[in-house]
Amino acid sequence: MKARREKNETNQIAIERIDLLLTRADEIYPEEPDLALRYGELARKIAMKARIRLPKRWRIRFCNNCKRFIRPGINAHVRIKSGKQSSVIYYCEICKEGKKKKIIQKN
Ligand SMILES: [Zn+2]
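Note that this is a predicted model, so its numbers are computed, not measured. (Residues numbered from 1 in each chain as written. Predicted model: local features only at pLDDT ≥ 70, side-chain atom pairs only at ≥ 80, totals over all residues.)

Engineer: Break down the sheet that holds strand β2 (residues 87-92) for me, citing the residues and quoting the values.
Structural biologist: The strand order across the open sheet built from three strands is β1-β2-β3, with neighbouring strands paired in antiparallel fashion. Since the sheet does not close on itself, it has two edges, and those belong to β1 (76-81) and β3 (99-103), each with one partner. Between one strand axis and the next, the sheet turns through 20° on average, direction left out of account. Looking at chain direction, β1 and β2 are connected through six bridges and run antiparallel. Along β2, the bridge assignment pairs Lys81 with Ser87. (Pairing = 2+ DSSP bridges. Helix = DSSP H or I, 4+ residues; strand = E, 2+ residues; numbered from the N terminus. Axes fitted to C-alpha atoms, helices over the stretch in contact; angles between N-to-C directions.)

Next comes the structure, spelled out in C-alpha cells:
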C-alpha cells in the first residue's frame, strides 16, 4: 500500500506540474495551439484534483467563460484601461465573450 502523502507535498507537486505544463503550453502555442489548449485543460484539472487555486500569473490566462488557456496575440487581445483603478483586460477570441480583468496596484 502506498503511503499517504502530506497535503502540502501533494500541493507542491501539483503546482510544479501546472507550472511545467503551462510553460510548455506557452512555448508551443504558435505551432500547436490544439496541444497547448490540451495542456491548459490538464493543468486546470490538476489544480481541481489537488483542490488548489492556480498560481496568480497563470490564473489570468484562463478565460472566464470557456475556461480555455488563452494567449495574447494568438487567441486573445489585451486592452489597458486607465483611470482610478487601472486594469488590464484580456478578451478571449475563442468564445468572444470571456474577459479577464487584472487590476494594477498603484504605488
Ligand atoms: Zn473564452
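Engineer: If you had to explain the domain arrangement of the protein chain to someone new, which residues and values would you point to?
Structural biologist: Here the protein chain is partitioned into domain 1 (1-59) and domain 2 (64-107). The C-alpha centroid of domain 2 is placed 21 Å from the C-alpha centroid of domain 1. Each partner contributes residues to the interface: domain 1 has nine residues there, and domain 2 has five residues. Among the elements of the structure, α1 (7-28) and α2 (33-50) are those that each provide at least two residues to the side of domain 1 that touches domain 2. Of the residues forming the side of domain 1 that touches domain 2, the biggest block, five residues, is contributed by α2. When the residues that make up the side of domain 1 that touches domain 2 are grouped by side-chain class, the tally is six nonpolar, one polar and two charged. (Domains from an automatic or database assignment. Contact = placed C-beta atoms within 7 Å. Nonpolar A, V, L, I, M, F, W, Y, C, P; charged D, E, K, R; others polar.)

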